[in-house]
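# Fold and geometry: a report
These are the residues of each chain, in order.
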Amino acid sequence: MLRTLLRAVPAIMLAVAATLTAPTALAATPAAPPAVAADPAAPGAFPVAYTDLTVSASGRSYSARVWYPGASAGANAPVAPGLHPGLAFGHGFFQDISKYESTLRHYASWGFITVTPKSQGGISPSHSGFADDLNAALTWLTAQNSTTGSRFAGAVDTSRYALSGHSMGGGAALLAASRNAAVKSVSTLAAAETNPSAVSASAALAIPAQYVGGSKDTIAGVENNQRKMYNAKPSPTQLRVITGGFHCGFVDNSGFGCDSGSISRAEQQRLTRAVTTTYLLYTLGLDSSLRDQVWGAAAQNLPGVVYAAKP
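What comes next concerns the included structure. In this text, all values refer to a predicted model and were calculated from it rather than measured experimentally.

Another point: unusual backbone geometry. Of all residues except glycine, most have a negative phi; of all peptide bonds, most are trans. Residue Asn195 is joined to Pro196 through a cis peptide bond whose omega torsion reads 5°. Its location among the elements puts Pro196 in the loop between strand E7 (183–189) and helix H5 (198–203). Between Ser235 and Pro236 the backbone carries a cis peptide bond, its omega angle lying at 5°. Even without being glycine, Gln120 reaches a positive phi, approximately 55°. Here Gln120 is to be found in the loop between strand E5 (113–117) and helix H3 (127–145). Despite not being glycine, Ser167 has its phi angle at roughly 60°, a positive value.

Quick look at the structure:
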């Protein structure tokens, strides 16, 4: 079980440090897992911190914001003790990453170090390039984990990497996952078909993949996008369709050209956080107790979300 008392972690770490005399002994300290609350739709137990920086890795370089579990909340706070899974999140077409702040803060509160590239934001983005940017984010995290003086030194669980994204970013996340053996799970929000094809990329994936869509989406509708990806994807995979959900319901506020649905944005985002957080925690091996909420009766009977799966 993952369930731990977050506030006890700093005291435990200090006690361990006080008993060790060799400088290298701290490397053997067991990692603190993400703190798990009763309801993954609600915020997790970690304070939420963020930093703005430049990611440079794998021949890619771009500005990004990183949301992460902090020892305290706010800009540039220290990272919470322990090892934390890495997540790269891709924005939608012509969308600023600030529009995903509430969801990204949520993932950080559950222990995810989430890198959000600001790249490919123009009128003619490269889907393939965006996929490479997402993978570069994870490569960068691996390098930071072993870089003395980095904020993230010794804080990244490099064995637990995932990808996510909305619309174009969701399609790019699938492309990225098909190119990166380090990725263990992918979860997408209203993923849109890309060039090269996210449907074809889905067919090549052996890792778990989740497709979350909205039944009222008129921009990247379920039938022509997420369902095709789901149908192409071998197990394990699942399609979760939010009844009344809309394309722009996955962002914090709507802009020009947005659609609308039959449920509130707040309710759509609550359901989104519930299904994606449980999925990521379970498929990354962080909380085995969540199996029923991912593959079982709890998932199949969640009000407001239609469930299809190939476990």
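Such a bond, covalent and formed between the sulfur atoms of two cysteines, is termed a disulfide. Scanning the entire structure with this criterion turns up one disulfide. Covalently, Cys248 is tied to Cys258 through a disulfide, its sulfur atoms 2.1 Å apart. The disulfide joining Cys248 to Cys258 has a torsion of about -85° about its S-S bond and is therefore left-handed. Of the two residues, Cys248 sits in the loop between strand E9 (237–242) and helix H7 (265–283) while Cys258 sits in the loop between E9 and H7, which places them ten residues apart along the sequence. Judged by relative accessible area, Cys248 falls into the buried class, the value being 5%. On the basis of relative accessible area, Cys258 is assigned to the partly exposed category, the value being 28%.

We now examine the pattern of salt bridges. The final tally for this structure, using the stated rule, is six salt bridges. Of the charged contacts, one joins Arg179 and Asp132 as a salt bridge, the two residues approaching to 2.8 Å between their closest N and O atoms. One end of the pair, Arg179, is in helix H4 (residues 168–179); the other, Asp132, is in helix H3, with 47 residues separating them in the sequence. Taking relative accessible area as the criterion, Arg179 reaches 37% and is therefore assigned partly exposed. Judged by relative accessible area, Asp132 falls into the partly exposed class, the value being 29%. The shortest N-O distance in the salt bridge between Arg227 and Glu223 comes to 2.9 Å.

Reading the values: the criteria
- Residues numbered from 1 in each chain as written.
- Predicted model: local features only at pLDDT ≥ 70, side-chain atom pairs only at ≥ 80, totals over all residues.
- Heavy atoms only, no water.
- Helix = DSSP H or I, 4+ residues; strand = E, 2+ residues; numbered from the N terminus.
- Disulfide = S-S within 2.5 Å.
- Buried < 20%, exposed > 50% of the residue type's maximum accessible area, 1.4 Å probe, protein only.
- Salt bridge = Lys/Arg side-chain N within 4 Å of Asp/Glu carboxyl O.

By themselves, these are just geometric observations and shouldn't be taken as functional.
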